[in-house]
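Now for the letters of each chain:
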Amino acid sequence: MVLTIKVPVKEANKIKNELMKDNNLSDKYKVRLENGFVFFPINNKPKKSYNKYKLVNKKIETIKKEATSLKEALSKVLTKKELTRVKTAYDLIGDVAILEIDEELRNKEKKIGKVLLDIRKDVETVLRKDSSHEGVFRTQKMKYLVGEKKKVAFHKENNIRLKLNVEKVYFSPRLSTERKRIVELIKNDFKELENNTKKKTKENILVMFSGCAPYCCVIANNAKDMVNKVIGIEINPEGHKYGLENIKLNKLINIGLINGDVKKIAPKLSKLGTKFDRILMPLPKHAEDFLEDALMLSKKGTDMHFYNFLHEKEFDNAKKTIKKACIKAKKKCKILNLIKCGQQSPGVYRICIDFKVM
Ligand SMILES: C[S@@+](CC[C@H](N)C(=O)[O-])C[C@H]1O[C@@H](n2cnc3c(N)ncnc32)[C@H](O)[C@@H]1O
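Conventions we followed
Residues numbered from 1 in each chain as written. Predicted model: local features only at pLDDT ≥ 70, side-chain atom pairs only at ≥ 80, totals over all residues. Heavy atoms only, no water. Helix = DSSP H or I, 4+ residues; strand = E, 2+ residues; numbered from the N terminus. Expected span 1.5 Å × (residues − 1). Buried < 20%, exposed > 50% of the residue type's maximum accessible area, 1.4 Å probe, protein only. Polar contact = N/O pair within 3.5 Å; in protein donor to acceptor, adjacent residues only side chain to side chain. Contact = heavy atoms within 4.5 Å. Right-handed = clockwise from strand over helix to strand, strands pointing away. Pairing = 2+ DSSP bridges. Domains from an automatic or database assignment. Buried area = accessible area lost by both parts, 1.4 Å probe. Salt bridge = Lys/Arg side-chain N within 4 Å of Asp/Glu carboxyl O. Axes fitted to C-alpha atoms, helices over the stretch in contact; angles between N-to-C directions.

**Notes on helix H5 (residues 176–197)**
Side chains that are three or four residues apart share a direction in an α-helix, a result of its 3.6 residues per turn. Helix length check: H5, at 22 residues, gives a terminal C-alpha distance of 32 Å against a target of 32 Å (1.5 Å per residue), a fit within 8%. What H5 keeps buried is the set Glu-178, Arg-179, Arg-181, Ile-182, Val-183, Glu-184, Leu-185, Ile-186, Asn-188, Asp-189 and Phe-190.

Next up, the structure:
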């Protein structure tokens, strides 16, 4: 059992930052999300300023320190100097591990891959990133290193299974917490609306840039009773193909996927009078170019989730961009939240701005 502080999901980001500032967020246990509350594992009973929140003893999973054990295992095959250059963080998509290896260690890459294969029983294939995320499809070249020769993986997250070719389709397992956050928001908003109006109104949701449909499937499966339909739009035919497979794999009936360019599809949907209750824009590199398209499919009350990569000093710029786009579209908006959902480099974060069209 671990001492946790129970915080409503809407206040979670603020409290997380405060706990981190107080050096009181435990790094030994995972953060738990349950029924609209976030349970933060803490090191000590907190100061008075947290009095408004309940302290709860909870059974919580520990954070596995595989990176340390990979480093330990690598110390047997690499020199001390090489060890300082090795990156021990890797992505795991199903049983495919994806390493990042610096140029100067490339002559040892198979050895490094073999060590990882040996220490992790759940890894069957080890690949190495061979480029950054490129082009419109945001895909990344992968070099096969060791293990079973394959690039197609079956990945599990948030109660769904996903099949994808890790080289032909963009997918990041690191976004699973963010996907869960969106599900919790949908559930909370549904409860709130039901309490206020006594009406159950299921949401119609648009996921622009849907890839192999991780957001669509996670939402459609985990917020089944709150969702009427999830529509995904994806330009990469391979992403679309796996998206269709993933709908079948998870036996979901409330998703529709469109293979095409948001720039062309959005005006067509708009002409048909289509409007959504919630719109997700998970293309952080260029989301601002698509605000106009998202806004044309919004109505009063639509919840928008706008993703971006930004230096923390520039967070306000994204808010300004959103406000400007809304003025241009003759719509009012209210910024609800800014969430850090990943770090790209020192000071640069993947952020999500939640805002409402008013
Ligand atoms: C960062 S990925 C996100 C994929 C998916 N939502 C996920 O989280 O795994 C962005 C996706 O947007 C797609 N994309 C880029 N430009 C697009 C456009 N104009 N219309 C539709 N999809 C686009 C890319 O092919 C890529 O799959």
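This is not the end of the story, as more comes after the structure.
**Describing the side chain of Asp-354**
Along the chain, the position of Asp-354 falls in strand S17 (residues 348–357). A polar side-chain atom of Asp-354 sits 2.8 Å from a polar atom in the side chain of Arg-181. In this structure Asp-354 touches Arg-181, Leu-185, Met-304, His-305, Lys-334, Ile-335, Leu-336, Asn-337 and Ile-339, once residues within four positions along its chain are discounted.

**A word on the pairing of strand S12 (residues 227–234)**
Counted residue by residue, S12 has six buried out of eight residues, so it is predominantly covered. Read from strand S11 (residues 203–208) through helix H6 (residues 214–222) to S12, the crossover connection turns out right-handed. Relative to strand S13 (residues 255–259), S12 is paired through five bridges, and the arrangement is parallel. Note that in S13 the partner of Glu-234 across the bridge is Asn-259. One crossover worth recording links S12 to the parallel S13 by way of helix H7 (residues 237–249), and it is right-handed.

**A short note on the domain arrangement of the chain**
Reports often express the size of an interface as the amount of accessible area lost when the parts come together. Here the chain is partitioned into domain 1 (2–58), domain 2 (66–150) and domain 3 (173–357). Taking only C-alpha atoms, the centre of domain 2 and the centre of domain 3 are 32 Å apart. Across the boundary between the two partners, domain 2 contributes eight residues, which contact seven residues of domain 3. Summed over both sides, the interface between domain 2 and domain 3 buries roughly 600 Å², with carbon and sulfur atoms accounting for 62% of that surface. On the domain 2 side of the interface with domain 3, the three residues burying the most area are Asp-91, Phe-137 and Arg-138, jointly 67% of the side's total. Remark: the boundary between domain 2 and domain 3 carries one salt bridge. Here Arg-174 and Asp-91 are joined by a salt bridge, their closest N and O atoms 2.7 Å apart. Run the count over domain 2 and domain 3 and you get one residue pair in polar contact (both at pLDDT 80 or more).

**Some details on the sheet that holds strand S5 (residues 91–93)**
The four strands lie next to each other as S5-S6-S7-S8, forming an open sheet whose pairing is mixed. Strand pairing shows two members of the sheet lacking a second neighbour, S5 and strand S8 (142–147), which therefore form its edges. Taken over all neighbouring pairs, the strand axes of this sheet differ in orientation by 25° on average, direction set aside. Where strand S7 (residues 125–129) meets S8, five bridges bridge the pair, whose relative direction is antiparallel. Its bridge partner being in S8, Thr-125 is matched across the sheet by Gly-147. Against the sheet, helix H4 (residues 109–119) contacts strand S6 (96–99), S7 and S8, and its axis sits at roughly 55° relative to S8.

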